[in-house]
Amino acid sequence: MPEQVSWMEEALNLAERARGRTSPNPPVGAVVVQDNRVVGRGWTQPPGGQHAEVMALAEAGQQANGADLYVTLEPCTFWGRTPPCTDAIAAAGIRCVFFAAYDPDRRIGAGASAVLGASGISTTQLTAYTAQATEQIAAFRCWTLHRRPLVIAKYAMTLDGKIATWTRDSRWVSSSESRQLVHQLRDEVDAIMVGVGTVLADDPLLTTRLGEDWWREPHQPTRIIVDSRGRTPLTARVLDPSLPSRTVFATTNADNAWRTAAEQRGAEVLELPADADGRVNLHALLQVLGAYGMTSLLVEGGAQILGRLAAEHLIDRIWAFIAPKLVGGVLAPSPIGHPGIDRMSDARRWQFIRQERVGDDLMLVAKPVEETNEGPTAKSGEL
């Protein structure tokens, strides 16, 4: 059992190398173990490239015959851009597969255990790692089940729940360490979204900025601006053609001249259905982003866009940075705008899944209580 713990932990660490680089595929890690020694390691490559299992088996070569495979996600059984991983596992002569989480993709059919069992390969789920592995693929799971990206709301607030003073000054609520961690989060997501109010107030770049000592080439997410009527100035920094990645505007009734000018500066302008208030329908927007193959969306504000997402139960994770400051003021804004609910008993319930000190701040990560790690009932042995 200690060896199984060590090997699965290594597989989970390898999966982190793939985070933010594999959409719409999940980040997965795998190790091949022969005679109590790792002989092959792998993690999901960009779409069209090797899956973690195939990469690990290739490194192991002949040593995979009679070896055990530890993988964070149940191996796939179907053709996508690449052949089924179960085929490669059987061909390599693997003896036993240990996995942490079931694959939520409905194409998995009866599951890897049934397919591999037909080839005489045993499978065992290491349930002690199921929650961690399931959270690791949360974006893929959301996209697979709902065909939209996982929505991550990020905000920094003071101890009294303010994101700015009553004069709207917000530089800076959080510590430099917290702001650096946000750039690391940007490195892991497919897209970053703000409302036009944030563009008008802050003129942000919405890029990933990490130092030269960062362990990999920084990923630049697609910039999504919710701007129903095309109010973004054509001089805004998000329209700078020299910026990496691309800028996409979500509109409902933008002026044709503004649209043409924005497109000439390299932006994409989406015309989407309107909600009852004449603003961009957020459900429709998320479905479009899902159709693009985006599995994760970081929403950095402002309060109105976060409030609308919260009211529609479209926020899947909250990353809150709480600074040890008090600003007061009844007119000072809070993170979640919109009219809100009438009764406390109607409040959506959340559960904390991570907490840590970041500089002088406290970072809390939460997910909705109603979200579970449900999966199919065990089809093989479990530990």
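About the criteria used
Residues numbered from 1 in each chain as written. Predicted model: local features only at pLDDT ≥ 70, side-chain atom pairs only at ≥ 80, totals over all residues. Heavy atoms only, no water. 1 Å grid on protein atoms, 1.4 Å probe; cavity = no way out; pocket = protein on both sides within 12 Å on 5 of 7 lines; lining within 4 Å. Points joined across faces, edges and corners; volume = space filled by probe spheres on them. Helix = DSSP H or I, 4+ residues; strand = E, 2+ residues; numbered from the N terminus. Nonpolar A, V, L, I, M, F, W, Y, C, P; charged D, E, K, R; others polar. pLDDT = per-residue confidence, 0-100. Contact = heavy atoms within 4.5 Å. Phe/Tyr/Trp six-rings, centres within 6.5 Å; stacked < 30°, edge-to-face > 60°. Lys NZ or Arg CZ within 6 Å of the ring centre and 35° of its normal. Axes fitted to C-alpha atoms, helices over the stretch in contact; angles between N-to-C directions. Parallel < 35°, antiparallel > 145°, perpendicular 65-115°, else oblique. Left-handed = near helix turned anticlockwise from the far one by under 90°. Salt bridge = Lys/Arg side-chain N within 4 Å of Asp/Glu carboxyl O. Buried < 20%, exposed > 50% of the residue type's maximum accessible area, 1.4 Å probe, protein only. Core = buried A, V, L, I, M, F, W, Y, C linked by side-chain atoms within 4.5 Å. Pairing = 2+ DSSP bridges. Patch = residues over 30% accessible without salt bridge, like charges linked within 9 Å, V, L, I, M, F, W, Y side chains within 5 Å. Areas by Shrake-Rupley, 256 points an atom, 1.4 Å probe, with all protein chains shown as cover.

A. Representation of the layout of surface pockets in the model. Estimates place the volume of the largest pocket at around 1,400 Å³. In terms of lining, the largest pocket is formed by 44 residues, of which the most central are Thr198, Asp202, Glu300, Gly301 and Gly302. For the lining of the largest pocket, the secondary structure elements donating two or more residues are β6 (150–158), α7 (176–186), β7 (191–195), α8 (196–202) and α11 (303–311). Residue composition of the lining of the largest pocket, by class: 20 nonpolar, ten polar and 14 charged.

B. Molecular detail of the confidence of the model for the chain. Averaged over all residues, the pLDDT of the chain equals 92, while 96% of them reach at least 70. Predicted confidence in the chain is weakest over strand β15 (residues 381–382), with a mean pLDDT of 42, and strongest over strand β11 (residues 296–299), with 98. Confidence drops under a pLDDT of 50 for residues 373–383, and excluding neighbours within four residues, the segment shows 33 contacts in the predicted structure.

C. Examining the packing of aromatic side chains more closely. Scanning the entire structure with this criterion turns up four aromatic pairs. Looking at arginine 147, its charged tip hangs above the ring of tryptophan 143, at a distance of 4.2 Å from the centre. Cation over ring: arginine 246 sits above tyrosine 292, and NZ or CZ is 5.2 Å from the ring centre.

D. Inspection of the packing of helix α2 (residues 52–60) against helix α3 (residues 85–92) at higher detail. Two elements in contact, α2 and α3, have axes whose closest approach is 9 Å; the angle formed by their N-to-C orientations is 20°. The angle between α2 and α3 places the two elements in the roughly parallel class. The element α2 and its partner α3 pack so that their crossing is left-handed. On the side of α2, the interface is formed by Glu53, Val54 and Leu57, while α3 contributes Cys85, Ala88, Ile89 and Ala92. Tallied by class, residues from the contact of α2 with α3 come to six nonpolar, no polar and one charged.

E. Molecular detail of the pattern of salt bridges. For the structure shown, the criterion picks out 19 salt bridges. Between aspartate 277 and arginine 279 there is a salt bridge; the shortest N-O distance is 3.0 Å. Note on aspartate 277: relative accessible area 56%, which makes it exposed. Assessed through its relative accessible area of 26%, arginine 279 is described here as partly exposed. One salt bridge connects glutamate 356 with arginine 354, and the closest N-O pair in it is separated by 3.0 Å. The class for glutamate 356 is partly exposed, based on a relative accessible area of 30%. We classify arginine 354 as partly exposed; its relative accessible area is 34%.

F. Representation of the nonpolar core. By size, the foremost hydrophobic cluster in this structure holds 39 residues, and its most contacted members are Met8, Val32, Tyr70, Ile89, Ile94 and Val97. Secondary structure elements with two or more residues in this core: α1 (2–16), β1 (29–34), β2 (37–43), α2, β3 (68–73), β4 (96–101) and α4 (112–117). In terms of residue count, the dominant contributor to this core is β4 (six residues). Counting 32 residues, the second-largest nonpolar core is a separate cluster that includes Val182, Ala236, Leu298 and Ala323.

G. Seen up close, the sheet that holds strand β12 (residues 317–323). Within the open sheet, the nine strands sit side by side as β10-β9-β8-β7-β11-β6-β12-β14-β13. Their pairing is mixed. In this open sheet, the two strands that pair with only one neighbour each are β10 (268–271) and β13 (350–358). Averaged over all neighbouring strand pairs, the angle between strand axes comes to 20°, with direction disregarded. Direction of pairing for strand β9 (residues 247–251) relative to β10: parallel, over a ladder of four bridges. Across the sheet, the residue bridging to valine 248 is glutamate 268, located in β10. Across the sheet, α7 lies against β6, β7, β11, β12, β13 and β14 (361–368), angled at about 165° from β12, the strand it touches most. Each of β6, β7, β8 (222–226), β9, β10 and β11 touches helix α10 (residues 282–291); the most contacted strand, β8, lies at about 165° to it.

H. Structural detail: a nonpolar patch on the surface. Together, Trp166, Val330 and Leu331 line one region of the surface with nonpolar side chains, adding up to about 430 Å² of accessible area. Here tryptophan 166 lies in the loop between β6 and α7.

I. Here's a closer look at the pairing of β1. Here β1 lies mainly inside the structure; six of its six residues are buried. Every second residue of β1 is oriented toward a common face, with Gly29, Val31 and Val33 on one face and Ala30, Val32 and Gln34 on the other, all of them buried. As paired strands, β1 and β2 are joined by six bridges and run antiparallel to one another. Bridging from a neighbouring strand, glutamine 34 pairs with arginine 37 of β2. Following β1, the chain reverses through two residues before pairing antiparallel with β2; aspartate 35 in that reversal takes a positive phi of roughly 55°. Alignment of β1 against β3, held across four bridges, turns out to be antiparallel. Counterpart to valine 31 in the pairing with β3 is tyrosine 70.

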